[in-house]
Amino acid sequence: LRSGVILCQVINQLRPNSIKKINLAPTPFYQMENIAQFLRVCESVGVDKRDLFHSLDLYEMRNMKSVVATIHALA
């Protein structure tokens, strides 16, 4: 999950082609970009902004409870 790749793939299954380019490079910048793209699409499909985690919550594994809450809200 930390790279955001799986999150992008999941959101593309729910809303095809919503994320055009998933970055596979193992660099922090691209991984954070994947997470940010996922969050943007979540908001566009109706997930309340208050239910979204912050990119650093996942990337730095600071608040995984918030990450799970976002995925639950998306469901």
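Residues numbered from 1 in each chain as written. Predicted model: local features only at pLDDT ≥ 70, side-chain atom pairs only at ≥ 80, totals over all residues. Heavy atoms only, no water.

- The name given to the protein chain in an unreviewed UniProt entry is Calponin-homology (CH) domain-containing protein, with Dictyostelium purpureum as the source organism.

## Brief notes about the layout of surface pockets
- Here the largest pocket is characterised by a volume of approximately 150 Å³.
- What lines the largest pocket is simply A36, L39, R40, E43, K49, L52, F53, H54 and S55.
- Take the lining of the largest pocket: its biggest share by element is 4 residues, from helix α2 (residues 28–44).
- Its residues assigned to classes, the lining of the largest pocket shows 4 nonpolar, 2 polar and 3 charged. (1 Å grid on protein atoms, 1.4 Å probe; cavity = no way out; pocket = protein on both sides within 12 Å on 5 of 7 lines; lining within 4 Å. Points joined across faces, edges and corners; volume = space filled by probe spheres on them. Helix = DSSP H or I, 4+ residues; strand = E, 2+ residues; numbered from the N terminus. Nonpolar A, V, L, I, M, F, W, Y, C, P; charged D, E, K, R; others polar.)

## Observations concerning the side chain of N23
- Its place among the elements puts N23 in the loop between α1 (5–14) and α2.
- Separated by 3.2 Å, the side chains of N23 and K21 make a polar contact.
- Beyond its immediate sequence surroundings of up to four residues, N23 is in contact with V5, Y30, E33, N34 and Q37. (Polar contact = N/O pair within 3.5 Å; in protein donor to acceptor, adjacent residues only side chain to side chain. Contact = heavy atoms within 4.5 Å.)

## Regarding the environment of M61
- One can find M61 in the loop between α3 (55–59) and α4 (64–74).
- As a C-alpha pair, M61 and R2 span 59 residues in sequence and 7.9 Å in three-dimensional space.
- Those residues in contact with M61 that sit more than four places away from it in its chain are R2 and L56.

## With respect to α1
- Listing the buried residues of α1 in full gives V5, L7, C8, I11 and N12. Down the axis of α1, the smallest arc covering the buried residues is 165°, so these residues share one side. With respect to the buried face of α1, the exposed residues turned more than 90 degrees away are Q13 and L14.
- Lining the buried residues of α1 we find α2, α3 and α4. (Buried < 20%, exposed > 50% of the residue type's maximum accessible area, 1.4 Å probe, protein only. Arc of directions from axis to C-beta.)

## Some points on unusual backbone geometry
- A positive phi angle is found at N17, which is not glycine, with a value near 60°.
- Considering the arrangement of structural elements, one finds N17 in the loop between α1 and α2.
- By relative accessible area, which is 57% here, N17 ends up exposed.
- A positive phi angle, near 50°, is found at M61, a position not held by glycine.
- Taking the relative accessible area as the measure of exposure, M61 reaches 54% and is therefore exposed.

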